[in-house]
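Below are the chains, spelled out letter by letter.
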Amino acid sequence: MEKKTRKRVIVYCILFVGLIVGITVVLFPYIDRLSDPQSQNAIEALLEKKRVMGLLVVLGIQILQVVIAFIPGEPVEIFSGALYGTVGGLLICLSGCMIASTIIFALSKRYGKPLFYSLFSKEKVQGWKWLQDSRKCSMVTFILFLIPGTPKDMLTYIVGVTDMSVWKFIGISTFARIPSVLSSTIIGSTMRQGEWKVSLIVFLVTGIIGIVGIGFKERVIRFCQSRANKEKRLTAKCESLDFVEAAHGHKVYPLMYCHMEVEGNLDISRLRSAIARSCQYVPEILYTYDFTRGRFIDKGFTVDDTISRASVLLQWDLGKKPQLQIVMNGDENEITIGMSHILTDGEGFLQYLYLLASLYNGQPPSFPLENSRDISPVLRNVHIGRPTEQTWRQRHITVPPLRADSNGKLYFCLRSRIGPKDFSVLYSKSKKQNVTLNDIFITAYARVISRLHKIHTIVIPCPADLRGFSSMSDKLSIANMTGIYRKIVVEIKPQHSFHETLLQVHIEMQLQKSRYRCFVGIRPLDYLFHKIPPPVMAQIIKWAYRLFPVSYTNFGRINHTKLFFEGCKIKSCYTTGAYRLPPDFQLSISTFQNVCTLNCTLIGQNEDSMTGQNILDEVKNEILEWVNMN
């Protein structure tokens, strides 16, 4: 049992025992009087005199209790049992529930959501949207009406706007209510007969069952929610490059994160609304991923399942949770948005962030809102050239790991930053030298690796956004469309300056780009993916797409004119990749408002943290030394 649930049950038990003691003290004289034959005769005489009118009054109270949902039902049921006996009270209460349900159904069909919002908060109504759309509404309704502690009378309003017929609902709900109503009328009946010991025992048993029901209410509702749409669960096919990320999930769990520090008030309700609207274009964000079948599956998760105030991102199972998670820390000042790398790559992640911000701000996004996940259009008219001479000569070279293997289980998110002033100079100098920022980062990284390992030939894999090679670059493509320059070979001799290494990296990158080397293997993979069973395909991918212990990725520039939330100021923002198991190490880079963040996310022990931070600082120093060089 979870700690929260255990604490809640303990508190409820204490309150329940206190309530029992209080009620016993207050009502004992009256309960004791019921055992007096004279009192029993007086009650029977009153019922005989007011037979029809009394029955109608009790029936009316029961109807009113169900229609006005916040009135508790148990006192009415106990009262009915006391006046009309176990069976008589049961029949009266169930009749009242049936009449009230018919009234509520008529009101719900006529007035719908406006009626809900006048009786219940909008948040509560939205939280039950999954039931309104459910094909398994009958099964779920029976379970929720049967188990104590669930909001039965509110459910009557909710189910009223589903496709379920009124007679079907009345039959299901009435049958499911019998155990609860029967226990209450037994209490009332035995109290009237003076058998207060029996009443107390039934009351205690019913109370314990009720406490358990209340304590596990959220679990029961989540269970029903997960089963509600099972028959109509939507599935979305997995594309070939999605499957590549999933196949390596045992070694590098496929997640990405955006860390933001926000100043101002972020409206959570507006954020929820924006996420809900984004589902129109990317429904998979609420789906789970089936690692066995290789597809996204709708299990009935809602927007509420994507937002948390607890740090759940490190225990995030994409097979059981949605593909999007947002965590608030420190009164919403720190926001972490996590997204599945099976669903999309770094560029697609940024596109989703821009879409989310645009919907939050009430502005139309700057790109067409039809998401394209198929990589086939990108592969058209691509003619892959032969490997570069340098790559071919050094094809068997590998780089040793940058940190030791270990059994450490600590999580580290490390970073080193290049400030706006230095970055502006860096950007200007890259333009003058006719090189890219990516060339500069790879150069600095390679030189640091060379120094640490005292080796002269470095091989670094470098990801490439395939959208840039096609007309997809201006379209919404929250998908995996990243290829890999599998080996950027850099030869570094002791006498080589940063500038000489940089020119070598630039030439190698230009040659590989012109020969479309980042597309190697993708076309056959995409062709075979739809023809080979997923388990077999996973083994092929693990063999053909091996992961390197030393890697690099550049998320690029996070556009602050697209990523902003009205009423807030984003003070800092950077993106990170998955947490790497030892001994693997990945340098990731992102830029926001001229602040460049060098990052690594590691699983390991404290020594790994020191090693990782040292590498980041060394790469930063390499860059700044070149920037400040005349």
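Our subject is the structure that appears above.
Residues numbered from 1 in each chain as written. Predicted model: local features only at pLDDT ≥ 70, side-chain atom pairs only at ≥ 80, totals over all residues. Heavy atoms only, no water.

Novice: What is the right way to look at the overall build of the protein in this model?
Specialist: Per the secondary structure count, the protein includes 23 helices and 14 strands. Taking the contacts inside the protein whose residues are at least 6 apart along the sequence as the reference set, 78% of them involve residues at least 24 apart. (Helix = DSSP H or I, 4+ residues; strand = E, 2+ residues; numbered from the N terminus. Contact = heavy atoms within 4.5 Å.)

Novice: Mind showing me how you'd approach the side chain of N599 here?
Specialist: Along the polypeptide, N599 turns up in strand β14 (residues 595-604). When neighbours within four sequence positions are excluded, N599 is seen to be in contact with C413, L414, R415, Y574, T576, Q586, L587, S588 and L616.

Novice: Sorry, what's going on with the pairing of strand β2 (residues 255-264) here?
Specialist: Consecutive residues of a regular strand have side chains that alternate between opposite faces of the sheet. The buried fraction of β2 amounts to seven of the 10 residues, a majority that puts the element mostly inside the structure. Here β2 pairs with strand β7 (residues 334-340) via seven bridges, running antiparallel. Considered in β7, the bridge of M260 is made with I335. Where β2 lies against strand β12 (residues 568-576), eight bridges are found, and the strand directions are antiparallel. Considered in β12, the bridge of E261 is made with S572. (Buried < 20%, exposed > 50% of the residue type's maximum accessible area, 1.4 Å probe, protein only. Pairing = 2+ DSSP bridges.)

Novice: Help me understand the sheet that holds β12, please; the structure alone is not making it clear to me.
Specialist: Strands in a sheet are paired, the pairing made by backbone hydrogen bonds, and the direction either parallel or antiparallel. Strand order in the open sheet formed by five strands is β5-β6-β7-β2-β12, and the pairing between neighbours is mixed. Lying at the two open borders of the sheet, with one neighbouring strand each, are β5 (307-308) and β12. Contacting β5 and β6 (324-329), helix α14 (residues 268-278) crosses the sheet at an angle of about 170° to β6. (Axes fitted to C-alpha atoms, helices over the stretch in contact; angles between N-to-C directions.)

Novice: Looking at this structure, I do not really get the sheet that holds strand β13 (residues 585-592). What am I missing?
Specialist: Sheet architecture is open: four strands sit in the order β8-β14-β13-β11, paired in mixed fashion. Looking at strand neighbours, the two that pair on one side only are β8 (410-418) and β11 (550-558), the edges of this open sheet. Adjacent strand axes in the sheet meet at a mean angle of 20°, parallel and antiparallel pairs treated alike. One ladder, built from five bridges, connects β13 with β14; its direction is antiparallel. Residue pairing across strands places F592 opposite V595, the latter belonging to β14. Packed onto the sheet, helix α19 (residues 437-453) meets β11, β13 and β14 and runs at close to 150° relative to β11. Taken strand by strand, helix α23 (residues 606-627) contacts β8, β13 and β14, and its axis lies near 15° from that of β8.

Novice: Help me out: how do you make sense of the packing of α19 against helix α20 (residues 498-514) in this one?
Specialist: How two helices pack is summed up by the angle between their axes together with the distance between the axes. Viewed as axis vectors pointing N to C, α19 and α20 meet at an angle of 120°, and their least axial separation amounts to 9 Å. Judged on the interaxial angle alone, α20 and α19 are oblique. Regarding α19 and α20, the two cross each other, and that crossing is right-handed. Counted together, N438, D439, I440, I442, T443, A444 and R447 of α19 and F498, T501, L502, V505, H506 and M509 of α20 form the full contact between these two elements. Counted by class, the contact of α19 with α20 contains seven nonpolar, four polar and two charged residues. (Parallel < 35°, antiparallel > 145°, perpendicular 65-115°, else oblique. Left-handed = near helix turned anticlockwise from the far one by under 90°. Nonpolar A, V, L, I, M, F, W, Y, C, P; charged D, E, K, R; others polar.)

Novice: Before we go on, may I ask you to explain the environment of G249 in this structure?
Specialist: Structurally, G249 can be placed in the loop between α13 (240-247) and β2. In sequence terms G249 and F291 are 42 residues apart; their C-alpha atoms lie 9.2 Å from each other.

Novice: Which parts of the structure should I look at to understand the packing of aromatic side chains?
Specialist: Summed over the entire model, instances satisfying the criterion amount to 12 aromatic pairs. Clustering of aromatic rings is evident, with ring pairs tying together Y253, Y289, F291 and F296. Over the aromatic face of Y527 sits the side chain of K531, whose NZ or CZ is 4.1 Å from the ring centroid. (Phe/Tyr/Trp six-rings, centres within 6.5 Å; stacked < 30°, edge-to-face > 60°. Lys NZ or Arg CZ within 6 Å of the ring centre and 35° of its normal.)

Novice: Can you walk me through helix α15 (residues 346-360) in this structure?
Specialist: Structurally, the α-helix is built with 3.6 residues per turn, so residues lying three or four positions apart point the same way. With 15 residues, α15 should reach 21 Å at 1.5 Å per residue; the first-to-last C-alpha distance of 21 Å fits that figure. Of all 15 residues in α15, 14 are buried; the element is thus mostly enclosed. (Expected span 1.5 Å × (residues − 1).)

Novice: For this particular structure, what's the right way to read unusual backbone geometry?
Specialist: A negative phi holds for most residues other than glycine; trans holds for most peptide bonds. Across the junction of P582 and P583, the peptide omega takes the value 10°, indicating a cis bond. With respect to the helices and strands, the residue P583 is situated in the loop between β12 and β13. Even without being glycine, N434 reaches a positive phi, approximately 60°. Residue position: N434 is located in the loop between α18 (420-433) and α19. One non-glycine residue, Y516, adopts positive backbone phi at about 55°.

Novice: Looking at this structure, how should I read the environment of G577?
Specialist: Structurally, the position occupied by G577 is in the loop between β12 and β13. Judged by its relative accessible area of 8%, G577 is buried. Once residues within four sequence positions are removed from consideration, G577 is found in contact with L255, Y257, F555, S588 and T601.

Novice: Even after reading the chapter, I still don't get the packing of α19 against α23, so can you show me in this structure?
Specialist: Between α19 and α23, the least distance of the axes is 9 Å, while the angle of their chain directions is 120°. In terms of orientation, α19 lies oblique with respect to α23. Considering how the two elements wind past one another, α19 and α23 form a crossing that is right-handed. Of the residues in α23, those touching α19 at I440, F441, A444, Y445, R447, V448, R451 and L452 are N614, I615, E618, V619, E622, I623 and W626.

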